[in-house]
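So you can see what is in the structure, the chains are spelled out below.
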Amino acid sequence: MPRTRSALACLLTALVLAVAGCGSSSSDPPGDPSAAAPAASTTVDGTASSPTTTVAVRTEVLDDLVDPPGAHGRTLSLVRYHIAPGAKLAAHVHPGVQMARIESGTLTYTVVSGTALVRRAGDDTDTGVTGPTTITLRVGDSVIERGDMVHYGENRADEPLVITATLLTEDGHDLAEPVTTTPTSD
């Protein structure tokens, strides 16, 4: 498993660096989560939101690249999720793979089915988290989610939650696709 994560991390890092070299269309100041949402913002269900709309979950696409080198038929995306206090995402999957890291706040994270790979801040190994189960992810923790893994998150805290993620998804698909399921109770 460490070799697979290492190879995947190297590929995604190289692709992110290539994308970063192409520039960004976002006018937000770096690291300023209070800045207005760019036109590419969407709500948790994938519908567009205007920069003046207040939504519980905002997906800020920092940059993306269709058919990056070595990944034809895929889209590489760098995103920042802003999740308001009390917000709960719908159960969903990512049509590909998502690597995400908690930048601020606390995420209550539920794996409905499948297995996520979780790396706690300061650790150098992954732990498989198989559903149904609910865990808490804090600043510096990261998670890898693969295509058929059904999961959702919520912000039960009183402060905003910010997650930065890199996704390698199938071309023509949304970053996250909702699934009809009965979430586990916790």
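Above: the structure in question.
Considerations on the sheet that holds strand β7 (residues 127-130)
Either a parallel or an antiparallel arrangement is found when strands of a sheet pair, and the pairing is made through backbone hydrogen bonds.
Here's step 1: Read across the sheet, 7 strands follow the order β1-β2-β11-β4-β9-β6-β7 without closing on themselves; strand pairing throughout is antiparallel. Two strands close off the open sheet at either side, each with one partner strand: β1 (57-66) and β7. Strand-to-strand twist in this sheet, taken as the mean axis angle between neighbours without regard to direction, amounts to 20 degrees.
Here's step 2: Where strand β2 (residues 74-83) lies against strand β11 (residues 161-170), 10 bridges are found, and the strand directions are antiparallel. Paired with R80 across the two strands is T164, which belongs to β11.

Let's talk about the nonpolar core
Here's step 1: Counting 24 residues, the largest nonpolar core has V79, I83, L107, Y109, L137, V143 and I163 as the members making the most contacts within it.
Here's step 2: The element best represented in this core is β11, accounting for 4 residues.
Here's step 3: Not counting residues up to four positions away in its chain, the partners in contact with I163 are V79, R80, Y81, I83, A100, R101, I102, E103 and L107.
Here's step 4: Counting 7 residues, the second largest nonpolar core, distinct from the first, contains L76, L117, I144 and L168.

The rules behind these values
Position labels on residues start from 1 in each chain and follow its written sequence. Residue-level local features of this predicted model are given only where pLDDT is at least 70; pairs of side-chain atoms are given and counted only at 80 or more, and the full residue set underlies all totals for whole chains, interfaces and linings. Each side-chain value is derived from all of the structure's non-hydrogen atoms; neither hydrogens nor water enter the calculation. A pair of strands counts as paired when DSSP detects no fewer than two bridges linking them. In DSSP terms, a helix is any run of H or I states spanning at least four residues, a strand is any run of E spanning at least two, and both are numbered starting from the N terminus. Axis definition: a line fit to C-alpha positions, over the contact stretch in the case of helices; interaxial angles, taken between N-to-C directions, run 0 to 180 degrees. Here the nonpolar core consists of buried residues drawn from Ala, Val, Leu, Ile, Met, Phe, Trp, Tyr and Cys, with membership extended through side-chain atoms lying within 4.5 Å. Only protein chains enter the calculation, and the probe is 1.4 Å; a residue is then buried if its accessible area is under 20% of its type maximum, exposed if over 50%, and partly exposed in between. By the convention used here, residues are in contact when the closest approach between their heavy atoms is within 4.5 Å.

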